Structure formats: structure tokens, C-alpha cells
Amino acid sequence: MDNSEQWYTREERELLHKARYFSGSHNYFFELKVAKNGSKYIVIDQRKKVGEKFVGSKIRIFEDEMLEFERVLHQLIGIASGQMHISTDNLSQASPIEVDFKDLSWENNSDICPSFFRILATTNDWQEFEKYTFLLLKSLGIVTIKSFLGEKQAGKADGFFRTTNLSVIYDCTLAKGDIESLKNQQIVNYCSQLKQGRIEFSDKIVEEFHEDHKQVWIISRQCSRKIQVINSIEVKLISIQDLMNLYATRLTSNSSYESLDLQLRNI
């Protein structure tokens, strides 16, 4: 018996939750289980009737893979449904990619495109980039947001925002190349702040978010991607173009405030 067969014979694990979905051609069964080491994993079983019997296949998504799986799946569904835009020019490249802002089909429509979007796309002034990123985030409908512009200290983030169930510390950069290495120590500091579940601002206002989903964003002109996970906190490189695309989506569709959490979480 090989290792894979042994794995299947030990499949009996604690079941936390299950769900199912039947479409016209396929049946889907979902189970959330607990492994021997205490970590959680999801089993997705797809079955299709062929002749007189069902033929199926299973995939398992382990706990350390779930957030990235969710992000990628949400992105693909968004593209398929026309709610998100993607340029195919850069799909084959693995290195950090600078975004081509000319791809924004709605950019020249002054009725819905703020003039500062062009500044975000072209400026070489980090203060301008930081200032207008803050305005863009507010334009998305984020109510609880704080910019640290003017409070500059070494290693301090550029801002913090919170939606219904999502708390984010963000940092803006015009740097190119390996941003992860450049920002490594700051990223560790930001994750430590989020892990505490509270932030005290300079005006003595305290924001508590112990139960929120927490993320660190490094906002740049590179393509969005997940960098790493530190203590269950996602660290992401966020493309300024993706935020502008989200602005256009929310402005031109029936997006609710409740959907903002999911849209931001899955960029």
C-alpha cells in the first residue's frame, strides 16, 4: 500500500461542518474536518452520473492554503462574471510586473473617473501617491479610515482602515523590484500591531478589532499578489489599478456596503 492509499484509509476525522450543492450535471459535497494534528481542512467531492453509477473526484484544501484558495477562486469568478478586469498581456511572466494603466477602459470617462487617478498612475512623488491612495480608499465607501500622513516615524504605516469584519494596515510605495525584501521588517511590525487587535491613534482614539479578519497591504503599481502569512495575518501586495477597478465596479453596479468586505479581502 503506497502513501496515498494509506492517507485514504485514515480519512475518518472529526467532522465540523458539511454542505452540499446539486447542479443540473454535477453534485458537490463539502466537508470541514479536523486532522490528527488539530489543523482544519476542507474536502470538496464532485460527482457526476455516468451511466448507472456516479464518478467523482476529491480535492483537499488545507488550513494554510485556504485564504489564498479563496482569493484566487473569488478573482476567477469575478473575471468570469465580468465584475473584474484582467489584462492577459502579463499572464506568462513570473517576476514583479508594473501595471499598464492604459488598460482601464473607463479611465477617459471624466463623469466617473476622478482626476487624481491620473496622478496615482504617473506621479513619482511618494507623498502624492500616499495622499491620493487615501482618497481612493475613502472613495470606495470605507468609513473607518485613518491616514498617518504628517505623523511620519521610522517603520510607521501610512494608514489603517476597517470595514465590517476586515481590518487593514496599509503602506504605500513607488519602489520597484523586490518590495517584499525592502519592506520585510516593516511588514513584521505591522503584523505585530494587528495581532494585538487594537490601535491607538495620536488623537487618543482607540480602535479595537480583535475578531476581525486582518491583513497588511503594501499598495504599489505592481500586480496584486499574496506575499506571505504571519500569525494568520495575510500580507498582500495590492495594485493601485485593482483598487481603481473596484471603484469603477462599485460605482457602476449594485454593490452593497456588506459586499465591500469580501471585495477588499479578495483583491
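Before any of the text, the structure's been laid out above.
What counts as what
Residues numbered from 1 in each chain as written. Predicted model: local features only at pLDDT ≥ 70, side-chain atom pairs only at ≥ 80, totals over all residues. Heavy atoms only, no water. Helix = DSSP H or I, 4+ residues; strand = E, 2+ residues; numbered from the N terminus. Buried < 20%, exposed > 50% of the residue type's maximum accessible area, 1.4 Å probe, protein only. Polar contact = N/O pair within 3.5 Å; in protein donor to acceptor, adjacent residues only side chain to side chain. Phe/Tyr/Trp six-rings, centres within 6.5 Å; stacked < 30°, edge-to-face > 60°. Core = buried A, V, L, I, M, F, W, Y, C linked by side-chain atoms within 4.5 Å. Pairing = 2+ DSSP bridges. Axes fitted to C-alpha atoms, helices over the stretch in contact; angles between N-to-C directions. Salt bridge = Lys/Arg side-chain N within 4 Å of Asp/Glu carboxyl O.

Draft legend 1. View of the side chain of Lys 33. Note on placement: Lys 33 falls in strand S2 (residues 27-34). Assessed through its relative accessible area of 7%, Lys 33 is described here as buried. One polar contact links Lys 33 to Glu 31, side chain to side chain, over a distance of 3.4 Å.

Draft legend 2. Here's a closer look at the packing of aromatic side chains. Across all of its chains, the model carries eleven aromatic pairs by this definition. With centroids separated by 6.0 Å and ring planes inclined at 50°, the aromatic side chains of Phe 160 and Phe 201 adopt a geometry described as tilted. One end of the pair, Phe 160, is in strand S6 (residues 159-162); the other, Phe 201, is in the loop between strand S8 (198-200) and strand S9 (206-208), and 41 residues separate them in sequence. Judged by relative accessible area, which is 1%, Phe 160 ranks as buried. Judged by centre distance (6.4 Å) and plane angle (40°), the ring pair of Phe 161 and Tyr 170 falls under tilted. For the pair formed by Phe 161 and Tyr 170, the shared burial category is buried.

Draft legend 3. Seen up close, the nonpolar core. Leu 137, Trp 217, Leu 243 and Leu 264 are the most contacted members of the largest nonpolar core, which has 28 residues in total. Put simply, the parts of the chain that give this core at least two residues each are helix H3 (116-122), helix H4 (126-139), strand S7 (166-172), strand S10 (213-220), helix H7 (240-252) and helix H8 (257-265). Phe 148, Ala 157, Phe 160 and Ile 187 belong to the second-largest nonpolar core, a separate cluster that totals 18 residues.

Draft legend 4. Unusual backbone geometry, seen in detail. Despite not being glycine, Asn 231 has its phi angle at roughly 50°, a positive value. The residue Asn 231 is located in the loop between strand S11 (225-230) and strand S12 (233-239) in this model. In this structure Asn 231 comes out as exposed when scored by relative accessible area, which is 52%. Positive phi, close to 70°, is recorded for Ser 232, a residue that is not glycine. Relative to the helices and strands, Ser 232 is located in the loop between S11 and S12. By relative accessible area, Ser 232 is classed as exposed at 59%.

Draft legend 5. Representation of the sheet that holds strand S1 (residues 14-22). With antiparallel pairing, four strands are arranged side by side in an open sheet as S1-S2-S3-S4. Because the sheet does not close on itself, it has two edges, and the strands there are S1 and strand S4 (53-62). Across the sheet, the mean angle separating the axes of adjacent strands is 15° when strand polarity is ignored. Looking at chain direction, S1 and S2 are connected through eight bridges and run antiparallel. Residue pairing across strands places Arg 20 opposite Phe 29, the latter belonging to S2.

Draft legend 6. Representation of the pattern of salt bridges within the structure. Per the counting criterion, the structure on display carries seven salt bridges. Between Arg 225 and Glu 180 there is a salt bridge, with its nearest N and O atoms 3.3 Å apart. Taken together, the residues Arg 225 in strand S11 and Glu 180 in helix H5 (residues 179-182) connect sequence positions 45 residues apart. Judged by its relative accessible area of 23%, Arg 225 falls in the partly exposed class. Here Glu 180 falls in the partly exposed class, since its relative accessible area comes to 22%. Linking Glu 208 and Arg 198 is a salt bridge whose minimum nitrogen-to-oxygen distance equals 3.7 Å.

Distances and angles like these do not, on their own, reveal function.
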